[in-house]
Amino acid sequence: QVRLVESGGGLVQPGGSLRLSCVASGTIFRINNGGWYRQVPGKQRELVAGITSGSSTSYADSVKGRFTISRDNAKNTMYLQMNSLKPEDTAVYYCNNRIQTNPMYEYTYWGQGTQVTVSS
């Protein structure tokens, strides 16, 4: 019933910026906690940034001060603004949201992932 689609990934030079978007579509009553994760080959998926339904945010130490997570609930869209990108930021980025399809049910949804490559 719900689909998350990430976009905005691509190739960028070190020091550059990208903005990732995660659009939720389908039967949506409310989007609660959400976050952005990333994964590289041979490593576990890690939480990069999180945001609560009350708009409180948290960040991994490796991205603090460079990345900003935000939401536009009217558009059912979550964003990750990435500035001062480094080669070690290269990964597949996934959005995650806890979404209620009705007032009584909540489920965790994942996007398909978008590749971010930081290289000269």
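Criteria and thresholds
Residues numbered from 1 in each chain as written. Predicted model: local features only at pLDDT ≥ 70, side-chain atom pairs only at ≥ 80, totals over all residues. Heavy atoms only, no water. Core = buried A, V, L, I, M, F, W, Y, C linked by side-chain atoms within 4.5 Å. Buried < 20%, exposed > 50% of the residue type's maximum accessible area, 1.4 Å probe, protein only. Helix = DSSP H or I, 4+ residues; strand = E, 2+ residues; numbered from the N terminus. Contact = heavy atoms within 4.5 Å. Pairing = 2+ DSSP bridges. Disulfide = S-S within 2.5 Å. Polar contact = N/O pair within 3.5 Å; in protein donor to acceptor, adjacent residues only side chain to side chain. Salt bridge = Lys/Arg side-chain N within 4 Å of Asp/Glu carboxyl O.

1. Here's the deal with the nonpolar core
For soluble globular proteins, the rule of thumb is that nonpolar side chains tend to be buried together. If you look at the biggest cluster of nonpolar residues, it comprises 27 residues, and the most contacted ones within it are L4, W36, F67, L80, M82 and Y93. The set of elements that each furnish at least two residues to this core consists of β1 (2-7), β3 (18-26), β4 (30-39), β5 (46-51), β7 (67-72), β8 (77-82), β9 (91-102) and β11 (114-118). Setting aside residues no more than four positions away along its own chain, Y93 makes contact with E6, L20, W36, Y37, R38, V48, F67, L80, M82, G113, T114 and V116.

2. Description of the pairing of β7
Across the two faces of β7 the burial differs, with F67, I69 and R71 buried and T68, S70 and D72 not buried at all. The hairpin turn running from β7 into β8, its antiparallel successor, is four residues long, and N76 in that turn takes a positive phi close to 50°.

3. Some remarks on the state of the cysteines
By the definition in use, this model includes one disulfide. Between C22 and C95 runs a disulfide, and the two sulfur atoms are separated by 2.1 Å. The sign of the S-S torsion, about 55°, decides the handedness of the disulfide formed by C22 and C95: right-handed. Separated by 73 residues along the polypeptide, C22 in strand β3 and C95 in strand β9 bring together distant segments of the chain.

4. Some words on the side chain of N97
One can find N97 in strand β9. With a relative accessible area of 2%, N97 lands in the buried category. Of note is the side chain of N97, whose polar atom sits 3.0 Å from the side chain of R71. Those residues in contact with N97, other than ones at most four positions away along the chain, are L4, C22, I31, N33, G34, R71, M78, Y107, T108 and Y109.

5. Some points on the pattern of salt bridges
A full pass over the atoms with the stated rule returns five salt bridges. Among the ionic pairs, R98 bridges to E106, the shortest N-O distance being 2.6 Å. Given a relative accessible area of 32%, E106 falls into the partly exposed group. In the salt-bridge network here, residues are joined through shared partners; they are R38, E46, R66 and D89.

6. What about the pairing of β9?
Burial analysis of β9 places nine of its twelve residues in the buried class, which makes it a mostly covered element. Note that β4 and β9 share eight bridges and pair antiparallel. Of the residues in β9, the one forming a bridge with R38 is Y93. As paired elements, β9 and β11 share three bridges and run antiparallel to each other.

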